[in-house]
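Each chain is listed here by its residues.
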Amino acid sequence: MRFRAKIVDLACLNHFSRIINTIAKLAKTCILRLTVCKLYFILSDKVANGGASMWCELSQGNFFDEFQMEGVAAEHNEIYIELVPENLSRALKTAQSAKAVKIKLTNKHCPCLRVAVELPSLSSSSRIVTHDIPVGVIPRRMWNDFREPSVPDFDVSIYLPVLKTMKSVVERMKNLSNLIVIEANLSGEMNLKIETDLVSVTTHFKDLGNPPWASEDGCQSSAQGRDLKSMAEACIDIKKLQQLLAGQQVNPTKALCNIVRKRIVHFILLHEEVSLQYFIPAIA
């Protein structure tokens, strides 16, 4: 099992660093799955137990100048490791003006992801700062626990308002309640609501637009024959929503959410070569 990669381009490095920062805000530990073409950061707190889950996917070719890996076996050419994303985020913070960053899987005393940052120096010799980040190697028999979460049939899919606006609304609401209701319809309307014994607050967004999802057979999915004004709602933990919005450093080009009535809210943030999915289960 071998993995080594190198980033030379500063813009790619800073972009990669922002993605890792975002992930570090969402997950204390996560699984990094490496394949020949892609990297996946996976958090699978079992949604059934009320935990959120995350699936972040990026194409290695858009970030790395060199990327070599040999998986567990020829027919299973993948590597799964568990790591603390905050450690990787910290290591990359030292690389903001680096000439190059090399990342390598090593196993001296224990399995580590070695991040070697080559910094510019005034003399001819370069300065290299090395960080060894401990990782746990996930055995092959457990890989199935980290498959892409399946998306249940949703009642409503809607584009999100500007995330900064949404974030400031949610931050104010967080001081009033631990729960927030998200509701939306197929007419591009979405409401964020909190209701307690003392206060009831609703923020309305309209003209957001609904994605043109089509079902497998090419015709519009379950939207047909439905009342476009009828709201689908789910009540979720406001802290988990705030975490998602506060951690955003990727500035997605598209952000949308799918609501399965009273079951789950599924967020999708897309940015060129990165997609981040985040699932927050509803609270009954």
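Predicted model, so just to flag it, every value in this text is computed and none were measured.

Section: the confidence of the model for the protein chain
Item 1. Averaged over every residue, the pLDDT of the protein chain is 89; the share at 70 or more is 93%.
Item 2. Contacts from residues 214-220, a stretch scored under 50 in pLDDT, to residues over four places away or in other chains number 7 contacts.

Comments concerning the sheet that holds strand β18 (residues 274-281)
Item 1. Taken together, 9 strands build an open sheet; the order of strands is β10-β6-β2-β3-β4-β18-β17-β16-β11 and the sheet is antiparallel. Pairing within the sheet leaves two strands with one partner each, and these edge strands are β10 (136-137) and β11 (156-159).
Item 2. Of the strand pairs in this sheet, strand β6 (residues 79-83) and β10 are connected by 2 bridges, and their pairing is antiparallel. Residue pairing for β10: E82 is matched across the bridge by G136.
Item 3. Against the sheet, helix α1 (residues 10-26) engages β2 (30-34), β3 (38-44), β4 (53-59), β17 (264-271) and β18, with an angle of about 170° to β4.

Section: the environment of E171
Item 1. If you trace the backbone, E171 turns up in helix α3 (residues 163-174).
Item 2. E171 gets classed as partly exposed once you look at its relative accessible area, which sits at 30%.
Item 3. For the pair E171 and Y278, spaced 107 residues apart in the sequence, the C-alpha separation amounts to 19 Å.

Side note on the domain arrangement of the protein chain
Item 1. Domain boundaries in the protein chain define domain 1 (2-145) and domain 2 (156-281).
Item 2. Each of domain 1 and domain 2 has a C-alpha centre, and the two are 30 Å apart.
Item 3. Each partner contributes residues to the interface: domain 1 has 20 residues there, and domain 2 has 17 residues.
Item 4. Of all residues in domain 1, T22, K25 and L26 give up the largest surface area on contact with domain 2, accounting jointly for 29% of the area buried on that side.
Item 5. Across the contact surface, domain 1 and domain 2 share 0 salt bridges.
Item 6. Where domain 1 packs against domain 2, one counts 5 residue pairs in polar contact (both at pLDDT 80 or more).
Item 7. Those elements that place two or more of their residues in the side of domain 1 that touches domain 2 are α1 and β4.
Item 8. The residue inventory of the side of domain 1 that touches domain 2, partitioned by class, reads 9 nonpolar, 8 polar and 3 charged.

Structural notes on the pairing of strand β12 (residues 179-184)
Item 1. Of all 6 residues in β12, 5 are buried; the element is thus mostly enclosed.
Item 2. Both β12 and strand β15 (residues 232-237) contribute to a ladder of 6 bridges, which runs antiparallel. Paired with A184 across the strands is A232, a residue of β15.
Item 3. As judged from the 4 bridges shared by β12 and strand β13 (residues 190-195), these two strands associate in the antiparallel manner. In the strand pairing of β13, E183 is matched with N191.
Item 4. As consecutive antiparallel partners, β12 and β13 are separated by 5 residues, and within that stretch G188 has a phi angle of approximately 75°, a positive value.

Quick notes on the environment of R127
Item 1. Relative to the helices and strands, R127 resides in strand β9 (residues 127-134).
Item 2. Taking relative accessible area as the criterion, R127 reaches 48% and is therefore assigned partly exposed.
Item 3. In the structure, R127 is positioned 126 residues away from T253 in sequence and 37 Å away in space, judged by C-alpha atoms.
Item 4. If near-sequence neighbours (up to four positions away) are discounted, R127 is found in contact with V117, E118, L119, P120 and S121.
Item 5. Among the polar contacts listed, one links the side chain of R127 to the backbone oxygen of P120, at a separation of 3.4 Å.

Observations concerning a positive patch on the surface
Item 1. There is a patch of like positive charges on the surface, built from R4, K102, K104 and K108.
Item 2. Looking at the secondary structure, you find R4 in strand β1 (residues 2-7).

Looking at the packing of α1 against helix α2 (residues 85-93)
Item 1. Remark: α1 packs on α2, axes separated minimally by 8 Å, with the N-to-C direction vectors making an angle of 150°. Taken together, the axes of α1 and α2 lie roughly antiparallel to each other. Between α1 and α2 lies a crossing of left-handed hand. Contacts between α1 and α2 involve L13, F16, S17, I20, N21, I23 and A24 from the former and P85, E86, L88, S89, L92 and K93 from the latter.

Structural notes on a nonpolar patch on the surface
Item 1. Residues M1, V72 and V137 make up a contiguous nonpolar surface patch of about 250 Å² in total accessible area.
Item 2. A relative accessible area of 37% places V137 in the partly exposed class.

Parameters at a glance
One numbering rule holds for all chains: residues counted from 1, following each sequence as written. Local features in this predicted model are restricted to residues whose pLDDT is 70 or higher, and side-chain atom pairs enter the listing and the counts only when it is 80 or higher, whereas totals over whole chains, interfaces and linings include all residues. To obtain the side-chain values, all non-hydrogen atoms of the structure were included, while hydrogens and water were left out. Each residue carries a pLDDT score, the predictor's own confidence in it, on a scale running from 0 to 100. Contact between two residues is taken to exist if any of their heavy atoms lie within 4.5 Å; hydrogens are not considered. Pairing between two strands requires that DSSP report at least two bridges joining them. Per the convention used, a helix needs a DSSP run of H or I reaching at least four residues, while a strand needs a run of E reaching at least two, with both numbered from the N terminus. In this analysis an axis means a line fitted to C-alpha atoms, helices contributing only their contacting stretch, and an angle means the value between N-to-C directions, from 0 to 180 degrees. Categorising residues by exposure relies on relative accessible area from a 1.4 Å probe, with only protein chains included: less than 20% of the type maximum marks a residue as buried, more than 50% marks it as exposed, and the intermediate range marks it as partly exposed. Residue ranges for the domains trace back to a domain assignment, done automatically or taken from a database. What gets called buried area is simply the loss in accessible area from a 1.4 Å probe that two parts show on being joined, summed for both. Just to be clear on terms, a salt bridge is a Lys or Arg side-chain nitrogen sitting within 4 Å of an Asp or Glu carboxyl oxygen. Distance and chemistry together define a polar contact, namely a pair of N or O atoms within 3.5 Å, with one atom able to donate a hydrogen and the other to accept it when in protein, and with adjacent residues in sequence counting only for side-chain atoms on both sides. Any residue outside Ala, Val, Leu, Ile, Met, Phe, Trp, Tyr, Cys, Pro, Asp, Glu, Lys and Arg is labelled polar, Gly included; the first ten of those are nonpolar and the last four are charged. The residues that make up patches have over 30% relative accessible area and no salt bridge, and they are joined within 9 Å when like-charged or within 5 Å when they are Val, Leu, Ile, Met, Phe, Trp or Tyr. To be clear on the numbers: accessible area is Shrake-Rupley with a 1.4 Å probe, and residue cover counts the displayed protein chains and nothing else. Under the counting rule used here, the positive set is Lys and Arg, the negative set is Asp and Glu, and His together with the chain ends is not counted. Charge placement uses NZ in Lys and CZ in Arg. For Asp and Glu, CG and CD serve respectively. Roughly parallel here means an angle under 35 degrees, roughly antiparallel means over 145, roughly perpendicular means 65 to 115, and every remaining angle is called oblique. Rotating anticlockwise by less than a right angle from the far helix to the near helix defines a left-handed crossing, while the corresponding clockwise rotation defines a right-handed one.

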